[in-house]
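Listed here are the chains, written in short residue letters.
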Amino acid sequence: AARYVHECDVYEAAGKSHKLVKFSNDIGGLKRHCKKYDNEWFGGSNFRAEKEEVFKDVGMQKLAEEIPCRSDFFRYVQWHNNA
């Protein structure tokens, strides 16, 4: 969420508010952005590869499918695990 809000702030500061039409700077915009991102990058074969490498447990796979922007979430958890 922080990365998304930062990108929205950058667009607004640069006078590129037109880029925020599809994904507004609010919770609804974040959810639409995450859904599009997850569908593009983790739908189909990409998510099958992710499941094989990262989410090996079937229960974890099911949970991962429900996490919006799951790659950002995974990076966040990994960062804290390694801190």
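Residues numbered from 1 in each chain as written. Predicted model: local features only at pLDDT ≥ 70, side-chain atom pairs only at ≥ 80, totals over all residues. Heavy atoms only, no water.

Undergrad: Where do I start with the environment of S17 in this structure?
TA: Residue position: S17 is located in the loop between α1 (2-13) and α2 (27-42). By relative accessible area, which is 41% here, S17 ends up partly exposed. If we ignore the near neighbours within four places in the chain, the residues touching S17 are Y11 and E12. (Helix = DSSP H or I, 4+ residues; strand = E, 2+ residues; numbered from the N terminus. Buried < 20%, exposed > 50% of the residue type's maximum accessible area, 1.4 Å probe, protein only. Contact = heavy atoms within 4.5 Å.)

Undergrad: It is not clear to me how the nonpolar core should be interpreted in this structure. Could you clarify?
TA: Within soluble globular proteins, side chains that are nonpolar tend to cluster in buried spots. Membership of the largest hydrophobic core is limited to six residues, which are Y4, C8, F23, L30, C34 and C69. The set of elements that each furnish at least two residues to this core consists of α1 and α2. Setting aside residues up to four positions removed in sequence, Y4 forms contacts with F23, S24, N25, D26, G29, L30 and H33. (Core = buried A, V, L, I, M, F, W, Y, C linked by side-chain atoms within 4.5 Å.)

Undergrad: Please explain the state of the cysteines as it appears in this structure.
TA: A covalent bond between the sulfur atoms of two cysteines is what we call a disulfide. For the structure shown, the criterion picks out one disulfide. One disulfide in the model links C34 with C69; its S-S distance is 1.9 Å. The sign of the S-S torsion, about -100°, decides the handedness of the disulfide formed by C34 and C69: left-handed. Of the two residues, C34 is situated in helix α2 and C69 in the loop between α4 (58-66) and α5 (70-82); the sequence distance between them amounts to 35 residues. Under the relative-accessibility criterion, C34 is labelled buried at 4%. (Disulfide = S-S within 2.5 Å.)

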